[in-house]
Amino acid sequence: MERVQRPHVENFIRWAADKPKVVVVSADLTNSCEVGKWRDTYPDRFFSLGMAEQNLMGFAAGLAREGFEPFVHTFAVFIYRRPYDQLAMSIAYPNLPVRLMAFLPGITTPGGVTHQAIEDVAIMRATPNMTVLETGDATEVESVLDVAHRVDGPVYVRFLRGVVPRLFPQSEPMALGRARVLHEGDDVVVLTAGITTEEAMRAVPALADAGVHATHLHVSTHKPFDDPTVLAALRRARHGVVTLENHTIVGGLGSAVAEVMAENAIGKPLLRLGLRDTYAHGASQAYLMRAYGLDALALVRGVEQLIGRSTGLTEDDLAQVRIESVHSLAKAEAL
Amino acid sequence: MPTPATAATADLAAVAHRIRRRVFDHVMRNGGGYLSQACSSAEIFAALYGRILHLGPSQAPMRPVPFPGAPSAANPDYVSGGAYNGPHAPEYDRFIFSPAHYALVLYTALIEFGRLAEDALEQFNRDGSTVEMIGAEHSPGVETTTGSLAQAISQAGGIALGRRLKGESGRVWVMMSDGEFQEGQVWEAVQALVHYRLDNVAVIADVNGQQCDGAMDDVMSVGSLAAKLQAFGARVVEVDGHDIEALAAPAELAPDGRPLFVLARTDPARGVPLMNERAPNLHYLRFASNEERARYQAAFDAFGGEA
């Protein structure tokens, strides 16, 4: 599997070259959000608003009203926590095309509780007019720009930075409201998003080797959450469903799946893995994923709980799984 | 009817009187309401629509449409209350109305300037109406949703920045109340307006010293707004908020790179001195007794002007 160094940096510059209405609004985290070179390339389209996020939301709204397409770049927590009223009233209510590029989703930062966006999907899902996306690899970091650009309204994007794995071929860009089918099996259904997908891509083949066959869906659109591929997979799960999210289990992917299951009378067990209604703290991503049960091993143990038996899989078995970039198995008509 | 942007001072003083009278009338017929806001800001609205704002003709129906549903990608029927302030064009000004609790005063001003039918006030605060008590951007004359106070100035800043990028000559006028300056967002906005030298933004603030809980100096004093704004680098003019000429004069100043703040000192009981008896509880007039109501009715009957 390829690991890509800062895919956003050059891609966003290329992408914006023929889109003069695209502007960047930044909040003193310009290089941290990988738009320092963008600023130097397009200085007339870059606006530093400083550490003042409430005002930033209003400025972005005003620019959008005048026909510009603002891409707000800052950490997720400074988008949905600090200036939520401004986000809701100045941007979401009027359904303005502001793109909120939310960096450091979940426990991807050692910055600790103040920097870890652990309930953002819940809050953004509950915000009318908001489209909620999450990137899981370099291909999605690159292609989410087109997806967001085509949405008539505000878009919140959980964004990955730094060294990002390429799990999906560049020939298969992100598509709005379409999950990727990464593995098929009838025993259980596993749904992941963002950084938990790579974990599941380690766990699911190992489970198959141990005789437990999972359908694995990678979700990149949290809202709207009406993908027929997801519904079909949920219906097919023999033992039940497991969600694994880099987020509190309240209000995020697990809750969205629960809503779909309940509304469609899919009476099967659902196990929601993620932060169990708790804040985290400052430490490495690998440590936090282990400590809070967001990694491949946690998923294996969850599946075992669901099927009611042990698979005998150990941490070493999972470490040996080699991840290749995968084409979605979803049938063409489902896409 | 005064012609916008050219009206004579005497005519506008009469307009201000009629704005107060219409609001007073409405408050009496509805058993209470936002009267002190009209008392303090009637001349501000008269000066804005009659002298300051450069607006085209209203693009909206004289009789407001019913509430068409909240804005969304699936709702093509949503209408902008900003259409009452004329078309968006490079040379025209924008009017951004911030203290949404003044909605009744704004509606009344639109009536006075022929942009809204007189009987539109019958829809005020009625179920299913766009003529809402506090309102949002579907309400007549309202371009941005600002009932959560202090958000207008930031939105105006973004609009002004966008207009400058497009090379438009029109200005962005924001009507604010002094209580909003308690919100930190206002100061975030002022520093950004100054940083980006957005001298196409002009704010006119009703400095009446009042807020919901009472006198600002008791609730949370803001000190000298003029000194604070000047320290931020803004251009500040303090005027008598009941003097049409004084209110209109700062708009003639040549832009100098600084956002303009016109601080209009006003009396929240202007025209209805009876209200001083209830000071500092002026935010929303509720009658404590039939006796009080009768005294206000007598004050209204003696108010003067056409029925």
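No experiment lies behind these values; they were computed from the predicted model shown. (Residues numbered from 1 in each chain as written. Chains lettered and ligands numbered in written order. Predicted model: local features only at pLDDT ≥ 70, side-chain atom pairs only at ≥ 80, totals over all residues.)

Student: Run through the overall build of chain B, naming residues and quoting values.
Tutor: The helix and strand tally for chain B stands at nine helices and nine strands. Computed over the C-alpha atoms, the radius of gyration of chain B is 18 Å, within 12% of the 19 Å expected from 2.2 N^0.38 for a compact globule of 307 residues. Projected onto its principal axes, the C-alpha coordinates of chain B cover approximately 55 × 45 × 40 Å. Counting the 307 residues in chain B, one finds 52% classified as buried. Contacts in chain B between residues far apart in sequence, at least 24 positions, make up 78% of those at least 6 positions apart. (Helix = DSSP H or I, 4+ residues; strand = E, 2+ residues; numbered from the N terminus. Rg over C-alpha atoms; globule rule 2.2 N^0.38 Å. Buried ≥ 20, exposed ≤ 12 C-beta atoms within 10 Å, placed from the backbone. Contact = placed C-beta atoms within 7 Å.)

Student: Any details on the overall build of chain A? Residues and values, ideally.
Tutor: Along the backbone of chain A there are 13 helices and 14 strands. For chain A, whose C-alpha radius of gyration is 19 Å, the value lies close to the compact-globule estimate of 20 Å for 335 residues. The principal-axis extent of the C-alpha atoms belonging to chain A is close to 60 × 40 × 40 Å. Split into buried and exposed, the 335 residues of chain A put 56% on the buried side. At a minimum sequence separation of 6, the contacts of chain A that also span at least 24 residues come to 79%.

Student: Account for the packing of helix H1 (residues 9-29) of chain B against helix H9 (residues 290-301) of chain B, with residues named and values stated.
Tutor: All names here are of chain B. Contact pair H1 / H9: the axes reach a minimum separation of 11 Å and the direction vectors enclose 150 degrees. Between H1 and H9, the angle is such that the two are roughly antiparallel. Where H1 crosses over H9, the handedness of that crossing is left-handed. Where H1 abuts H9, its residues Phe24, Asp25 and Met28 lie against Tyr296, Gln297 and Phe300. (Axes fitted to C-alpha atoms, helices over the stretch in contact; angles between N-to-C directions. Parallel < 35°, antiparallel > 145°, perpendicular 65-115°, else oblique. Left-handed = near helix turned anticlockwise from the far one by under 90°.)

Student: Tell me about the interface of chain B and chain A, residues and numbers included.
Tutor: With 23 residues of chain B at the contact, the number on the chain A side is 23 residues. Counting residues per element, the ones that place at least two in the side of chain B that touches chain A are helix H4 (152-165) and helix H5 (184-195) of chain B. When residues of the side of chain B that touches chain A are assigned to their parent elements, the largest contribution, nine residues, is made by H4(B).

Student: Any details on the pairing of strand E2 (residues 94-97) of chain B? Residues and values, ideally.
Tutor: Residue and element names in this part refer to chain B. Going residue by residue along E2, you find Arg94 and Ile96 tucked away on one face and Phe95 and Phe97 tucked away on the opposite face as well. Where E2 meets strand E3 (residues 172-177), four bridges bridge the pair, whose relative direction is parallel. Its bridge partner lying in E3, Ile96 is registered against Val174. (Pairing = 2+ DSSP bridges.)

Student: Tell me about H4(B), residues and numbers included.
Tutor: Residue and element names in this part refer to chain B. Between its terminal C-alpha atoms H4 stretches 20 Å, which fits the 20 Å expected from 14 residues at 1.5 Å a residue. Among the 14 residues in H4, 12 count as buried, and that is most of the element. When H4 is considered as a whole, its buried residues turn out to be Ala152, Ile153, Ser154, Gln155, Ala156, Gly157, Gly158, Ile159, Ala160, Leu161, Gly162 and Arg163. (Expected span 1.5 Å × (residues − 1).)

Student: Report on unusual backbone geometry, specifying residues and quantitative values.
Tutor: Lys223(A) connects to Pro224(A) through a cis peptide bond whose omega is 0 degrees. Relative to the helices and strands, Pro224(A) resides in the loop between strand E12 (221-223) and helix H9 (228-236). Between Ala279(B) and Pro280(B) the backbone carries a cis peptide bond, its omega angle lying at 5 degrees. The backbone of Arg6(A) shows a phi angle near 45 degrees, a positive value even though the residue is not glycine. Its location among the elements puts Arg6(A) in the loop between strand E1 (2-5) and helix H1 (7-16). Non-glycine residue Asp28(A) carries a positive phi angle of around 65 degrees. On the secondary structure map, Asp28(A) appears in the loop between strand E2 (22-26) and helix H2 (36-41). Judged by the 14 C-beta atoms lying within 10 Å of it, Asp28(A) falls in the partly exposed class.

Student: Quick one: what's the story with the sheet that holds strand E13 (residues 240-248) of chain A, residue by residue and with numbers?
Tutor: Residues and elements named next belong to chain A. Overall, mixed pairing links the five strands, which are arranged E9-E11-E10-E13-E14 in an open sheet. Because the sheet does not close on itself, it has two edges, and the strands there are strand E9 (180-183) and strand E14 (270-275). Neighbour-to-neighbour, the strand axes of this sheet turn through a mean angle of 20 degrees, independent of strand direction. For E13 and E14, the ladder comprises five bridges, and the chain directions are parallel. Bridge assignment links Val242 to a residue of E14, and that residue is Leu271.

Student: Describe the domain arrangement of chain A, listing the residues and the values that go with them.
Tutor: Residues and elements named next belong to chain A. Domains assigned within chain A are domain 1 (2-166) and domain 2 (180-330). Taken over C-alpha atoms, the centre of domain 1 sits 26 Å from the centre of domain 2. On the side of domain 2, 29 residues touch domain 1, which itself brings 25 residues to the contact. Ranked by residue count, the leading element in the side of domain 1 that touches domain 2 is strand E6 (residues 131-134), at four residues. Taken together, the residues of the side of domain 1 that touches domain 2 sort by class into 11 nonpolar, eight polar and six charged. (Domains from an automatic or database assignment. Nonpolar A, V, L, I, M, F, W, Y, C, P; charged D, E, K, R; others polar.)

Student: Tell me about the sheet that holds strand E7 (residues 235-240) of chain B, and name the residues and values.
Tutor: Residues and elements named next belong to chain B. If you trace the five strands from one edge of the open sheet to the other, you get E2-E3-E4-E8-E7, paired in parallel fashion. Looking at the sheet topology across the chains shown, the edges are occupied by E2 and E7. The sheet shows a mean angle of 20 degrees between the axes of neighbouring strands, direction not considered. Bridge count for strand E4 (residues 201-207) against strand E8 (residues 260-265) is six bridges, and the pairing is parallel. In the sheet register, Asp206 faces E8, and the bridge partner there is Ala264. Along the sheet, helix H2 (residues 36-52) contacts E2, E3, E4 and E8; its crossing angle with E4, the most-contacted strand, is approximately 155 degrees.

Student: Mind laying out the nonpolar core, listing which residues take part and the relevant values?
Tutor: If you look at the biggest cluster of nonpolar residues, it comprises 201 residues, and the most contacted ones within it are Ala60(A), Leu299(A), Leu48(B), Val174(B) and Val203(B). Considering each element in turn, this core owes the most residues, 10 residues, to H2(B). Residue contributions to this core reach at least three from each of two domains, namely domain 1 (2-166) and domain 2 (180-330) of chain A. (Core = buried A, V, L, I, M, F, W, Y, C linked by C-beta atoms within 7 Å.)

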